[in-house]
Amino acid sequence: MNPFRWLLGRRRIDHDLDSEIRSHFAMAIAERIAAGEDPESARLAAINEFGNPLQAKEDARAVWRGGVVALVADVWQDVRFGVRMLVKNPAFSLVVIAVLSLGIAGNAAIFSLFKSIALKPLPGVRDSATSSVLLGRTIDGRGMGISVLDYRDLSAQQRSFESLTASMMIFATVGRGVDAQRVIAELVVGNYFETLGVTAQLGRILLPSDDVAPGQHPVAVIGDSLWRRSFAADPAIVGKTIHLNGYPLTVVGVAAPEFNGTIVSMGIDVFAPLMMQPQVWPPSRLDARGIFGLTTMGHLKPGVTTRAATAEAAIFASQLDAEHPIPNYARRLEVIPIWKSPFGAQTYWLPAIAVLGGMGLLILLVVCANVANLVLVRGVSRRGELGVRLALGASRARLLRLLFVENMVLALPGALSGVVLASVILPFIATGAAAAAPSRVYLDTSVDGYVLTFAVALSCACAIVFGFVPALRATRVELSSMLQDLSPRMASRGRLRSMLVVSQVAISLVLLIASALVLRSYAAAQQATGGFESANVTAIAIDLKTAGYDETRGPVAITRLLDAFDAEPAFEHAALATNVPMSLVDPGPRATNVEGYAPRSDEDMLFLYNIVSPQYFQTLRIPLLAGRDFTRTDDANAQPAVIVNETMARRFWQTPEDAIGKRLRSGTSEWRTVIGVARDVKYARLSEAPRPFVYYPILQTYAPGFVIHARTGGDLNDAMRRVRDHVQALDPAIPITLSRTLTEQTRVALSVYELAAGALTMFGVMTIVLAAIGIYGLVAYTVQQSTQEIGIRMAVGASRGDVVWNFLRRGAVLAAVGAGIGLILAAAASGAIRSLLYGVGARDVVSFGGGTAVVMTIAILASLVPAWRASRTDPLKALRHQ
Amino acid sequence: MEQKRYRPRLEILQGTLDMLILQTLQWGPQHGYAIGQTIRTESAESLKIETGSLYPALHRLEKQGWVKSDWGMTDQNQRAKFYKLTPKGKKQLLQERDRWSQLVSAIGTILNPKRTRS
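Residues numbered from 1 in each chain as written. Chains lettered and ligands numbered in written order. Predicted model: local features only at pLDDT ≥ 70, side-chain atom pairs only at ≥ 80, totals over all residues.

Peer 1: Sorry if this is basic, but what is going on with the overall build of chain A here?
Peer 2: Along the backbone of chain A there are 27 helices and 24 strands. Out of the 882 residues in chain A, the part that is buried amounts to 44%. (Helix = DSSP H or I, 4+ residues; strand = E, 2+ residues; numbered from the N terminus. Buried ≥ 20, exposed ≤ 12 C-beta atoms within 10 Å, placed from the backbone.)

Peer 1: Looking at this model, I keep getting lost on the overall build of chain B. Mind explaining?
Peer 2: Per the secondary structure count, chain B includes 5 helices and 5 strands. Ordering the α and β elements of chain B from the N terminus gives β-α-β-α-β-α-β-β-α-α. Expressed as a percentage of its 118 residues, the buried residues of chain B come to 24%. Taking as baseline every contact in chain B between residues at least 6 positions apart, the subset at least 24 positions apart corresponds to 53%. (Contact = placed C-beta atoms within 7 Å.)

Peer 1: Where do I start with the packing of helix α1 (residues 16-25) of chain B against helix α4 (residues 87-111) of chain B in this structure?
Peer 2: Packed helices, taken two at a time, are described by the angle their axes make and the gap between the axes. All names here are of chain B. With their axes 10 Å apart at the nearest point, α1 and α4 run at an angle of 125 degrees to one another. Put simply, α1 runs oblique to α4. Judged by the twist between their axes, the crossing of α1 over α4 is left-handed. The segment α1 lies against α4, with Met 19, Leu 22 and Gln 23 engaging Gly 89, Gln 92, Leu 93, Glu 96 and Trp 100. Tallied by class, residues from the contact of α1 with α4 come to 4 nonpolar, 3 polar and 1 charged. (Axes fitted to C-alpha atoms, helices over the stretch in contact; angles between N-to-C directions. Parallel < 35°, antiparallel > 145°, perpendicular 65-115°, else oblique. Left-handed = near helix turned anticlockwise from the far one by under 90°. Nonpolar A, V, L, I, M, F, W, Y, C, P; charged D, E, K, R; others polar.)

Peer 1: So what exactly am I meant to see when it comes to the interface of chain B and chain A here?
Peer 2: Where the parts come together, the accessible area they lose is often given as the size of the interface. Chain B puts 17 residues into the contact, and the matching count from chain A is 19 residues. The element contributing the most residues to the side of chain B that touches chain A is helix α3 (residues 54-64) of chain B, with 5 residues. A class-by-class count of the residues in the side of chain B that touches chain A yields 4 nonpolar, 8 polar and 5 charged.

Peer 1: Can you walk me through the sheet that holds strand β4 (residues 67-73) of chain B in this structure?
Peer 2: Hydrogen bonding along the main chain pairs the strands of a sheet, whether they run parallel or antiparallel. Residues and elements named next belong to chain B. An order of β2-β5-β4 is seen for the 3 strands of this open sheet, with the pairing classed as antiparallel. Two strands bound the open sheet, and with one partner strand each, they are β2 (30-31) and β4. With 7 bridges joining them, β4 and strand β5 (residues 79-85) adopt antiparallel strand pairing. Its bridge partner lying in β5, Lys 68 is registered against Lys 84. Its contacts with the sheet put α1 on β2, β4 and β5, and the angle it makes with β5 is roughly 95 degrees. Against the sheet, α3 makes contact with β4 and β5, and its axis sits at roughly 120 degrees relative to β4, the strand it touches most. (Pairing = 2+ DSSP bridges.)

Peer 1: Can you walk me through the packing of α1(B) against helix α2 (residues 32-42) of chain B in this structure?
Peer 2: Residue and element names in this part refer to chain B. Running from amino to carboxyl end, α1 crosses α2 at an angle of 100 degrees, the nearest separation of the two axes being 10 Å. With respect to α2, the element α1 is oriented roughly perpendicular. The residues of α2 that touch α1, namely those facing Leu 20, Ile 21 and Thr 24, are Ile 35, Thr 38 and Ile 39. Looking at the contact of α1 with α2 residue by residue, the class counts come to 4 nonpolar, 2 polar and no charged.

Peer 1: Honestly, the nonpolar core in this entry has me stumped. Any pointers?
Peer 2: Residues and elements named next belong to chain A. Within the largest apolar cluster, 177 residues are counted, with the highest numbers of intra-cluster contacts made by Ala 220, Leu 244, Val 505, Ala 756 and Ile 775. Examining the composition of this core, we find that 18 residues originate from one element, helix α11 (residues 346-381), more than from any other. When residues of this core are assigned to domains, at least three map to each of domain 2 (142-331) and domain 3 (347-527 + 752-881). Apart from residues no more than four positions distant in its own chain, Ala 220 is found in contact with Ile 242, Leu 244, Leu 249, Val 251, Val 270, Phe 271 and Ala 272. Membership of the second largest hydrophobic core comes to 62 residues, among which are Phe 532, Ala 539, Val 612 and Val 642. (Core = buried A, V, L, I, M, F, W, Y, C linked by C-beta atoms within 7 Å. Domains from an automatic or database assignment.)

Peer 1: Sorry, what's going on with the environment of Thr165(A) here?
Peer 2: Residue and element names in this part refer to chain A. Its place among the elements puts Thr 165 in strand β3 (residues 161-174). Note on Thr 165: 23 C-beta atoms within 10 Å, which makes it buried. Along the backbone, Thr 165 and Asn 191 are 26 residues apart, and their C-alpha atoms lie at a distance of 6.3 Å.

Peer 1: For this particular structure, what's the right way to read the confidence of the model for chain A?
Peer 2: Detailed reading of the predicted model is not advised wherever pLDDT is low. Per-chain confidence: chain A averages 83 in pLDDT, with 90% of residues scoring 70 or above. Taken as a whole, residues 478-492 of chain A scores under 50 in pLDDT and shows 13 contacts with residues more than four places along the chain or in a different chain. (pLDDT = per-residue confidence, 0-100.)

Peer 1: Just checking my understanding: could you explain unusual backbone geometry for this structure?
Peer 2: Most peptide bonds take the trans configuration, and most residues that are not glycine carry a negative phi. Residue and element names in this part refer to chain A. Despite not being glycine, Ala 232 shows a phi value in the positive range, around 50 degrees. Relative to the assigned elements, Ala 232 resides in the loop between α8 (224-231) and β7 (241-244). Within the chain, Gln 615 stands out as a residue other than glycine whose phi angle is a positive 75 degrees. Here Gln 615 is to be found in the loop between β17 (606-612) and α18 (616-619).

Peer 1: How do you make sense of α4(B) when you look at a structure like this?
Peer 2: Because each turn of an α-helix spans 3.6 residues, side chains separated by three or four positions in sequence point in the same direction. The first and last C-alpha atoms of α4(B) sit 36 Å apart over 25 residues, in line with the 36 Å expected at 1.5 Å per residue. Among the 25 residues that make up α4(B), 2 are buried, leaving the element largely open to the surroundings. (Expected span 1.5 Å × (residues − 1).)

Peer 1: Please explain the environment of Phe466(A) as it appears in this structure.
Peer 2: All names here are of chain A. In this structure, Phe 466 sits in helix α14 (residues 449-476). Assessed through the 28 C-beta atoms surrounding it within 10 Å, Phe 466 is described here as buried. Sequence spacing of Phe 466 and Ala 372 is 94 residues, and the spatial spacing of their C-alpha atoms is 4.4 Å. Contact partners of Phe 466, with chain neighbours within four places excluded, come to Cys 368, Val 371, Ala 372, Val 375 and Asn 407.

Peer 1: Before we go on, may I ask you to explain the confidence of the model for chain B in this structure?
Peer 2: Residues and elements named next belong to chain B. In the predicted model, chain B carries a mean pLDDT of 79, and 82% of its residues have values of at least 70. This stretch, residues 1-9, has a pLDDT under 50; its non-local contacts, to residues over four places away or in other chains, come to 3 contacts. Across the assembled chains, the prediction reports ipTM 0.80 with pTM 0.64.

Peer 1: Teacher, can you tell me more about the environment of Glu37(A) here?
Peer 2: The topology assignment puts Glu37(A) in the loop between α1 (3-34) and α2 (39-50). Setting aside anything within four residues of it in sequence, one finds Glu37(A) in contact with Arg32(A) and Ala42(A).

Right under this line is the structure:
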């Protein structure tokens, strides 16, 4: 039966029943009066004879309805009652809703981050959360891609995936000259769009027929964002030409709006067939087994576990090793779920999100404790009402349900306003992160069904937590004592409230210590140089290839640029480099051979590298430990030279000095002599371990795209402008694809600390405010309850100081107990956030001491106010009051 | 305040109230109050019924289709709801009476074993 129709019908039945019972009484009384009784006693007798009219009505009504409908109707009644209570106590309701919405907002915001990375990692891709990645690993477990040829063999033979697809992510420029912009592109295999279930909103997707032979199909699909950003959502875009790294491609379609490629957190703007790779990003990587450029993904077949898929991949790995060996590398293939994939933001963000989520739940506990306190206080004033309900025959379960529904009525608005608050906060976090990132960041943190469901579930949990204890207490009370004595007896309830306050203090201390640790890490990370000095240095990227420079004209342009920089008085030093340190992403590694060194078969000989010009080390102030820097004479006519870092030198030649004069080569190219050893820097992240690194001279190994670092003693903005002017003076057609300071550019490596520090500080402040409210409330309440006692004490000669001390002591003792527990918890748990710490120990004394001091101070202040007020009590008034 | 004292009365057995109501109604339509009065007087005031409990019972019977109800006027010109036995209700009454006699004789057998043996 439709419950709402029943609710309407119920009105009629109620009315009918009322009339029937009224007519019964009319007849009963009339008959008794006719028999000679006086009206009043007739009325009483009739009522006496009838029994409980409410019960009769309720039973008669119950006859007409089924179980579910009855429940719905009862709950509806409770909801209406709850709403009435809420409107009747607006102050109480607003405080509870505000406190709850704060707690839920924080959690919902963190949850939508989690959703964007783990639940909906690739918007627009069918079931992206459950997809898996087939990847290679270096000997020390670093994840890397798979070569194009290996991928072809694997995808033809594998049986674990429904269907496997792959792409190669590249940083590229779109457009020409001054209009060029830096984007991320994916070069994709033919079945990419089909396998992912991505459609085109305009034109068509890329098809297997676009990816047949190298260089044959110069086509591209562009993303919705690029289409709107650069082409003003031109409806006639299909058929037009775009230039990817200067190579013309015909746009055949625009991908579905929500699709942003398959690298989690990265906004991909252009999709071109993998077979166009030699044209858009030379040299060709299509037929070298030793270039691990492809990222794969697909859904495992039903019933196939990642373990089974990995076992299958391992068999293929050894087969491939036998048929197509790669020097210095034994293939290690593995299948992992996408949330563990190293390609994208997952491994970087998930630990931080886990920590933040943990903190969020802690703060929610504090919120619940606070609300529970408020509900308890209200519970006292409602004892009479609940007692009457019990006396009238309401069952305990019925009362519990009523109280639960009332709490839900409080919790749901809290959840909804929390979600609204979260959706207001999130864009700030997201744009903050996006501004720091070197390329377009895309995370779907929008508030959707997932987030809403989470918030509502959370609020239900809250309603149970903060409502259940007080409700249980309220309904367990002895009937007789409640009806006889409506004035509250506070002893037991006071103990519960004290426990709540102690736990609030403990939790807020844990949160404060955690946020202090992360804040100090953030401060340390900001101070950290990463081994180089980024202040007063430019990071301006240009792309010679897009402007039409080839392998002969390019080096000439580089020489002329270096000449111009040398002659520029505003620059202390200036240099070129293909990679910027501390940019979060590892620059690609090269398989490297060391002369006279026979690596073990499983030794990782893939080393990161940078291609730099002379003066690079002076510009970034990276000290050379031995040997010399590259010079202008280390050009194509000179002996091939190379500079290695300290870790590399010590690994192969024991000391930096001994490394000088030794030789190494990349793959099977010519041997290069080590001419210098530079101190280690942080190449991608602050938290990375030391690793071998190789610097090649740009005058010997030409690179068409690079970053210009110029160090100035004067104004950095002026230096930025001068660098751009020099580039324009050389050739106005050369696109400047990025124009930032080095400090801005390396800030991205701090983004996790920044976000965590921001969120934790917010949490820390919230929880300390909540704890202060809790302590204040408790002491104020005790004072109110003890008015008489204070009166007597003061009447018999207690001084104001005694009274203040008496109440202050209660607050201080609770705070001290809470702080003690908090310290123990924090010491036990601080290891869990070690991944977020930099430059401070997990047991950092300053954080622990500072947190404790803050909590104790605030606790004492919070109890001082009501204690002082207690001392102003007029003894006479207080005694008369009772 | 002094309360009027009542003679101790028998608690009515669960389930028998329905039968008593049906029995009362077989002489013609009646309203709730009259049904209560009839049961009380016919039992010589020895049954204790809270008249309030009549109404849930009446609604129960109506839901089963054993009685039908209609608003009407009493002799004293009081508007009241009259209940009337349906054919289905008559059948039900017969069944209940049968069951009741069986119950009484069974219980009687247990309580007075000598008399049945002799």
